[in-house]
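So you can see what is in the structure, the chains are spelled out below.
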Amino acid sequence: MPGRSTVTVHADRHVHPDPAVAPPIYQTAAFSAADGEAFAHGATEPRGKGFYTRFGNPNHAQVAAVLAELEGTEAAMVTASGMAAITTAVLALVSAGDHVIGQKSTYGGTASVLLNLLPRLGVSTTLVDQRDTEAFERAVTPQTRLILVETPSNPLLHITDLRAVADLARAHGIITLADNTFATPLNQRPAEFSIDVVWHSATKYLNGHTDVSAGALAGPAEILDRIWDTSLLTGATLGPIDAWLLLRGLRTLPLRMTRHNLNGLALAQALAEHPAVSQVNYPGLGSHPQHKLAASQMSGFGGVLSAEFTGGFEAADAFLGHLRYFQRSASLGGIESLAVHPASMWRGMLSDEQITDAVPPGLVRLAAGTEDTADLIADTLTAADAVLTART
Ligand SMILES: *Cc1c(COP(=O)(O)O)cnc(C)c1O
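1. Observations regarding the overall build of the protein
Right, so step 1: When helices and strands are counted, the protein shows 16 helices and 12 strands.
Right, so step 2: Relative to the compact-globule value of 21 Å for 392 residues, the protein shows a C-alpha radius of gyration of 21 Å, a close match.
Right, so step 3: Taking the principal axes of its C-alpha atoms as reference, the protein extends roughly 80 × 50 × 35 Å.
Right, so step 4: Put simply, the protein has 392 residues, and 55% of those count as buried.
Right, so step 5: Surface summary for the protein: the accessible area is close to 15700 Å², and the carbon and sulfur share equals 53%.
Right, so step 6: On the protein, the mean spot of the 25 positive side-chain charges and the mean spot of the 37 negative ones are 1 Å from each other.

Following this line, the structure appears as structure tokens:
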């Protein structure tokens, strides 16, 4: 078995062989067929690459080949965004009358699918505290079809016991989906713990350069075929250029994650000591209440952490205003360090009550980029000092 850095460079070579060392961009909406039989085959081949770009394109198939290899799954597919991936998957796998279990701490868009979209379609949902494995078991009903987990979760960095949730789901014939955006397959491979389908906001670490919106799903071919069928109807197709950029970003994922892991841990350690901060959430810290579980299923802890400021909403907002290298932005996972105030950002996706439950007002989410560690530490400590000075 080649290593992960080799896989990211070579796993797509068989997909669309071409003498060009850098794969060409197939900037075409459609492909021609040699005869009627080939045409009929293209029209029905799941996750194909030579019929019509909404059905699949060589640039999609190249990304999918690399991602499936990295996640250790049979197959993978790409979508136009992370939200396209989860919404398409959920629409493919549930019907009116079914029940879905999700987490209380989860990305705002996923929370809105669970709290707003699915109930409108007659699908009931239960949100549980992911730190309590038995809460998943208690939430299971005879109608439960899916369990959606996210670990570490956005923005509280809570951990889900992947093996325990996958095992209980299998015992009840329930499909599991894990959002692996924060960890990436470099730090955590949910399929190794029997999770069925892994999904990503490929906008984040997989692409890594904050210049593409994309999503991805990886899992058994049989389940992905069902999701692909629905994707023909939702039509959230990734453009060939964006798929090409995503592959280009993916090639350096192992290099980038090494630095993100380093910077994330260093920042978490530095901020945990600061008097303006009451709590730092980062699974790599020995003080994280679930550190042992995190270390048992992750090989690195990523670049994202969150910090709660003792001065609440105003202090969190003031901290962001004093940062120099961290830009105030909603994204994460790129080479640039970004910081956000989740209580403000989640407003587009959830109501005020839904936010208060999930996101403390004094919480700041930091996404460490690949800059020099010392510069990022100096930047955050200077900004935290300024928050304290302003209050005295
Ligand atoms: C950003 C994000 C998403 C949504 O992905 P988009 O590409 O923005 O649609 C889903 N899950 C997590 C954890 C995210 O950070």
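2. Some points on the site of the ligand
Right, so step 1: Taken together, 15 residues lie around the ligand, and Met83, Asp179, Ser201, Thr203 and Lys204 are the ones closest in.
Right, so step 2: Between the ligand and Thr203 there is a distance of 2.7 Å, counted from an oxygen atom to a side-chain nitrogen or oxygen.
Right, so step 3: Between Lys204 and the ligand, the recorded distance is 2.8 Å, taken from a side-chain N or O atom to an oxygen atom.
Right, so step 4: Alone, the ligand offers 380 Å² of accessible surface; in the complex the protein occludes 90% of this.
Right, so step 5: Applying the majority rule of atoms within 2 Å of the grid points places the ligand in the second largest pocket.

3. Observations concerning the nonpolar core
Right, so step 1: Judged by nonpolar contacts, the single largest core of 31 residues is most densely connected at Leu206, Leu246, Leu250 and Leu253.
Right, so step 2: Contributing elements (two or more residues each) for this core: helix 3 (58–71), strand 1 (75–79), strand 7 (215–219), helix 10 (240–250) and helix 11 (253–272).
Right, so step 3: Considering each element in turn, this core owes the most residues, 6 residues, to helix 3.
Right, so step 4: There are two domains that each give this core at least three residues, and those are domain 1 (4–251) and domain 2 (254–391).
Right, so step 5: By size, the runner-up hydrophobic cluster in this structure holds 30 residues, among which are Phe301, Phe309, Ala316 and Phe326.

4. Observations concerning the packing of aromatic side chains
Right, so step 1: Following the criterion strictly, the structure yields 6 aromatic pairs and no others.
Right, so step 2: Ring geometry for Tyr282 and Phe301: centres 6.4 Å apart, planes at 70°, overall edge-to-face. Taken together, the positions of Tyr282 in the loop between strand 8 (277–281) and helix 12 (291–297) and Phe301 in the loop between helix 12 and strand 9 (304–309) put the pair 19 residues apart, joining distant regions of the chain. Each member of the pair, Tyr282 together with Phe301, is buried.
Right, so step 3: Seen in terms of ring centroids, Phe309 and Phe319 are 4.6 Å apart; in terms of plane orientation they differ by 40°. Their pairing is tilted. Taken as a pair, Phe309 in strand 9 and Phe319 in helix 13 (residues 312–322) lie far apart in primary sequence, 10 residues in all.
Right, so step 4: Stacked on the ring of Tyr107, the Lys or Arg Lys204 has its end atom at 5.4 Å from the ring centre.

5. Some thoughts on the sheet that holds strand 12 (residues 363–367)
Right, so step 1: One open sheet accounts for 5 strands, arranged 8-9-12-11-10; its pairing is mixed. At either margin of the open sheet sits one strand with a lone partner, and together these are strand 8 and strand 10 (327–328).
Right, so step 2: Inspection of the sheet shows strand 8 paired to strand 9 by 4 bridges, in the antiparallel sense. Note that in strand 9 the partner of Val280 across the bridge is Ala307.
Right, so step 3: This element, helix 13, spans strand 9, strand 10, strand 11 (338–340) and strand 12 of the sheet and lies at about 30° to strand 12.

How each quantity is defined
By convention here, each chain's residues receive numbers from 1 onward along its written sequence. Selection of residues for local features in this predicted model requires a pLDDT of at least 70, selection of side-chain atom pairs for listing and counting requires 80 or more, and totals for whole chains, interfaces and linings are taken over all residues. To get the side-chain values, take all heavy atoms of the structure and skip hydrogens and water. Only DSSP runs of H or I with at least four residues qualify as helices, and only runs of E with at least two residues qualify as strands; both kinds are numbered from the N terminus onward. Radius of gyration: over C-alpha atoms. The globule rule applied is 2.2 Å multiplied by the number of residues raised to the 0.38 power. Relative accessibility thresholds used throughout: buried, under 20% of the residue-type maximum; exposed, over 50%; partly exposed, between the two (1.4 Å probe, protein chains only). Residue-level accessible areas treat just the shown protein chains as cover; the underlying method is Shrake-Rupley with a 1.4 Å probe. Positive charges come from Lys and Arg alone, negative charges from Asp and Glu alone, with His and the N- and C-terminal ends not counted. Positions of charges follow a simple convention, taking NZ of Lys, CZ of Arg, CG of Asp or CD of Glu. What makes a residue near a molecule or strand is one non-hydrogen atom of that residue sitting within 4 Å of it. For the purposes of these results, a polar contact is taken to be a pair of N or O atoms within 3.5 Å, where, inside protein, one atom must be able to donate a hydrogen and its partner to accept one; residues adjacent in sequence count only when each atom of the pair is a side-chain atom. Cavity and pocket criteria rest on a 1 Å grid covering protein atoms alone: a 1.4 Å probe that fits but cannot get out defines a cavity, protein on both sides within 12 Å along at least 5 of 7 lines defines an open pocket, and an atom within 4 Å of a point defines a lining residue. Each molecule is assigned to a cavity or pocket provided more than half of its atoms lie within 2 Å of the corresponding grid points. Nonpolar cores were defined as sets of buried Ala, Val, Leu, Ile, Met, Phe, Trp, Tyr and Cys residues, with membership established by side-chain atoms within 4.5 Å. How far each domain reaches was decided by an automatic or database domain assignment. Ring pairs shown here join Phe, Tyr and Trp side chains whose ring centres sit within 6.5 Å, with only the six-membered ring taken for Trp; geometry is labelled stacked below 30 degrees between planes, edge-to-face above 60, and tilted in between. In this scheme, the term charge over a ring applies when either NZ of a lysine or CZ of an arginine sits within 6 Å of the ring centre and within 35 degrees of the ring normal. In short, DSSP must find at least two bridges between two strands for them to pair. Contacts were defined at the residue level, with two residues in contact if any of their heavy atoms lie within 4.5 Å. For helices, the fitted line uses only the C-alpha atoms of the stretch in contact; every axis is such a line through C-alpha atoms, and the angle between N-to-C directions lies from 0 to 180 degrees.

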